[in-house]
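Examination of the molecular architecture
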Amino acid sequence: MAVFPAFFGLVLVSLVTGQTVEITPREAVRRVGDDLTVLCKVSYPIDSCRMTVGSTPYRLIPSQQDEEVVYSGQGLQFGECGAHIKHIKEEWNGNISCMLPPPSGSIEVTGIMRLVVAKPPANPQLISPPQSNFKEGDVFMAQCIVPNGRPVAKITWFLDDDQFLTGVHQPIITSEPGIDLETISQNITKELSADDNGKRLVCRAEHEALDSPREAARQLVVYYPPKRTEAGQVTIFGLKIGSEGRLNVTVRANPPPEAQWTVGELVLAAPQKNEDSSITALEPVHLGGGYYNVTLVLTAVAKEDVDRTYYLRVSNDLGREEFALRLSTMDEPAARKEITSLLSFDVYGVQLSPGAIAGIVVAILLLITLVSLTVFAKATDRWCFADQENRDQGKSSGESMAAGDVLLHAANPLPSKNSDTESAVGRQKSRLSQLSARVRAVLPKGRDRVQATGNTEVEPENVADEKKGVVYAELALGDQNAEKPPPPSTEYAEIVYTDQPPQIKENKE
């Protein structure tokens, strides 16, 4: 007998828990002191509204708005049980529950949402190799740790002001048992280059409880051998005979480079002068960012100075670079200036490389050439346009001929000179014999009369009536050599046969 009440209780619980409570929001992150509104709603009117915030229960009445947690919503008659929390406390981190009466029975229905009271994490920690400098090509590894945040903090990496994305590993999130604070750590890996020298590696931590991000950083020092800024022989333009001349070369290096100039048999290690102080090798001047200006000063440029080649060797502990220099009294060529300006050409804030600029120029030249060739071919009937013209002429000529190139003109005795002339060009001698045989087979014997068509005047209508049944044929006359092209000429023959008058027929009979 005890089984039945237990079974009935289970059924009742299942019916009650099957009621749907719509709660908004499902989860929220707020700082201490912020406000929050939570709304629970059912599809039927209710007569009470209770909520538990943290561990404190509240009975919410629409008419009472003086407490720290007060009723919010359109009214109990609409099935709404809402709470407006004016000032969130640290101890309220956790679940917020609303309890509403069921449509029938005495067991309340419940809705639950998650409130995360944000707690700022500790300062980020950047863990990296202890060495003060690195070499170009070294693989650099670092780790950033942001401990004890609620919720977990977000890590972003930067090199100076540029976000660092390549070589960033997946973050790892951990927490201690019994503590709802979370720690995040993330590693990066990067192969160092000369461009990384002097840059700041920054680990930036962002969190809902922080007014501004927190950072941990270290500066990268990368050593590399001297590097050119331009390839090939260097030419110094704009020098004047008798005036001071300066030979300037820009290089990149770290640590600072040493310079050695060779002028004929003279070798000068900067800073150094020759015996009469006419040639001075200056100490390399740091321009910033690893760039150095290496200069050789000539007190007065002589003609023999323009004819010789100067050699410069720049070196440091990691390597060396050598340059060959020539002097010129001419101004810098305009083409060189244009190339220099193109190398720094900027379009809407996008820096174009020399390769991209060359590709654009080549594409424009190809487009202009294609359009020009198309216009030329169309104007002169060449190439594909010539084939189309020949097909049109062949079609026109073929439509004007019938029965083996024999054209019957019953109404108009005169042929079209243009179309007949072009269609007859290139006919071979065998064509003439075939045409003659066909004409003889068609015409009646004894009634043939051949007239030349040299006269192109229009005949009167009475004469035209007598020439019914006239046959015009195109004849390619003269011997033609198959190896040579035919001459551009055409002869026409008019072959006429008419019905004789009745009187003539009777006399013959």
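Structure's up top.
This report concerns the structure included in the present document.

Conventions and cut-offs
- Residues numbered from 1 in each chain as written.
- Predicted model: local features only at pLDDT ≥ 70, side-chain atom pairs only at ≥ 80, totals over all residues.
- Heavy atoms only, no water.
- Helix = DSSP H or I, 4+ residues; strand = E, 2+ residues; numbered from the N terminus.
- Buried < 20%, exposed > 50% of the residue type's maximum accessible area, 1.4 Å probe, protein only.
- Disulfide = S-S within 2.5 Å.
- Core = buried A, V, L, I, M, F, W, Y, C linked by side-chain atoms within 4.5 Å.
- Contact = heavy atoms within 4.5 Å.
- Salt bridge = Lys/Arg side-chain N within 4 Å of Asp/Glu carboxyl O.
- Pairing = 2+ DSSP bridges.
- Axes fitted to C-alpha atoms, helices over the stretch in contact; angles between N-to-C directions.
- Phe/Tyr/Trp six-rings, centres within 6.5 Å; stacked < 30°, edge-to-face > 60°.
- Lys NZ or Arg CZ within 6 Å of the ring centre and 35° of its normal.

1. A few points about the overall build of the chain
In terms of helices and strands, the chain carries nine helices and 35 strands. Taking all 509 residues of the chain together, the buried fraction comes to 31%.

2. Notes on the state of the cysteines
For the structure on display, the rule yields three disulfides. Two residues share a disulfide in this structure: C49 and C81, whose sulfurs sit 1.6 Å from each other. Taking the torsion about the sulfur-sulfur bond, which here is approximately 70°, the covalent link between C49 and C81 counts as right-handed. Note that C49 is positioned in the loop between β3 (36-41) and β4 (50-53) and C81 in strand β7 (residues 80-85), a separation of 32 residues in sequence. Disulfide pairing places C144 opposite C203 at an S-S distance of 1.6 Å. On the sign convention where negative is left-handed, the bridge of C144 and C203, at about -55° about the S-S bond, is left-handed. Within this pair, whereas C144 is found in strand β12 (residues 139-149), its partner C203 is found in strand β17 (residues 200-206), the two being separated by 59 residues in sequence. Under the relative-accessibility criterion, C144 is labelled buried at 0%. When the bonded cysteines of the chain are numbered from the N-terminus onward, they pair as 1-4, 2-3, 5-6.

3. As for the nonpolar core
With 29 residues, the main nonpolar core has L36 and I96 as its most contacted residues. Where this core is concerned, the elements lending two or more residues are β3, β4, β6 (69-72), β7, β8 (94-100) and β9 (109-117). Broken down by element, the residue count for this core peaks at four residues, all from β9. The residues contacting L36, other than those within four sequence positions of it, are A28, R30, A83, H84, I85, I88, I96, M113 and L115. Listed in part, the 24 residues of the second largest apolar core include V249, V294, L298 and L327.

4. Brief notes about the pattern of salt bridges
Where charged atoms from two side chains of opposite charge approach closely, those side chains can pair. Per the counting criterion, the structure on display carries 16 salt bridges. Measuring nitrogen to oxygen at the nearest pair gives 3.5 Å for the salt bridge that ties E244 to R246. On the basis of relative accessible area, R246 is assigned to the partly exposed category, the value being 40%. For R313, the salt bridge is made with E322, and the minimal N-O distance between the two is 3.1 Å. Members of the salt-bridge network, linked through shared partners, are E90, R150 and D180.

5. Some words on the sheet that holds strand β1 (residues 22-24)
Read across the open sheet, the four strands follow the order β1-β3-β7-β6; overall the sheet is antiparallel. Each having just a single partner strand, β1 and β6 make up the two edges of the open sheet. Averaged over all neighbouring strand pairs, the angle between strand axes comes to 20°, with direction disregarded. In this sheet, β7 lies alongside β6 in antiparallel orientation, the contact comprising four bridges.

6. Section: the packing of aromatic side chains
Applying the stated criterion across every chain, the model contains one aromatic pair. Judged by centre distance (5.2 Å) and plane angle (85°), the ring pair of F134 and F140 falls under edge-to-face. Each member of the pair, F134 as well as F140, carries the same accessibility label: buried. A cation over a ring is seen here: R204 above F158, with NZ or CZ 4.2 Å from the ring centre.

7. Describing the sheet that holds strand β29 (residues 319-327)
One open sheet holds the five strands; their spatial order is β20-β29-β28-β22-β23, and the pairing between them is mixed. Both outer strands of the open sheet, β20 (234-236) and β23 (266-269), are each paired with one neighbouring strand and no more. The sheet shows a mean angle of 25° between the axes of neighbouring strands, taken without regard to direction. Here β20 pairs with β29 via three bridges, running parallel. From the neighbouring strand, I236 faces β29, where its bridge partner is L327.

8. Remarks on the pairing of strand β27 (residues 291-298)
The buried count for β27 comes to six of eight residues, which makes it a mostly enclosed element. Note: strand β21 (residues 245-254) against β27, eight bridges, orientation antiparallel. Paired with V249 across the two strands is V294, which belongs to β27. Taken together, the three bridges between strand β25 (residues 279-281) and β27 define a ladder with antiparallel strand orientation. Paired with T280 across the bridge in β27 is V297. Where strand β26 (residues 285-288) and β27 come together, three bridges link them in antiparallel fashion. Across the sheet, the residue bridging to V285 is N293, located in β27. Taking the residues that link successive antiparallel strands as the turn, the β26-β27 hairpin has two residues, and the phi of G289 there is positive, at about 65°.

9. A word on the environment of V70
Structurally, V70 can be placed in strand β6. Looking at V70, the relative accessible area reads 2%, which means it is buried. Along the sequence, V70 and A83 sit 13 residues apart, while their C-alpha atoms lie 5.6 Å from each other. Discounting residues that sit within four places of it in the chain, V70 has contacts with L60, Q64, Q65, G82, A83, H84 and K86.

What is shown is where atoms sit, not what they do.
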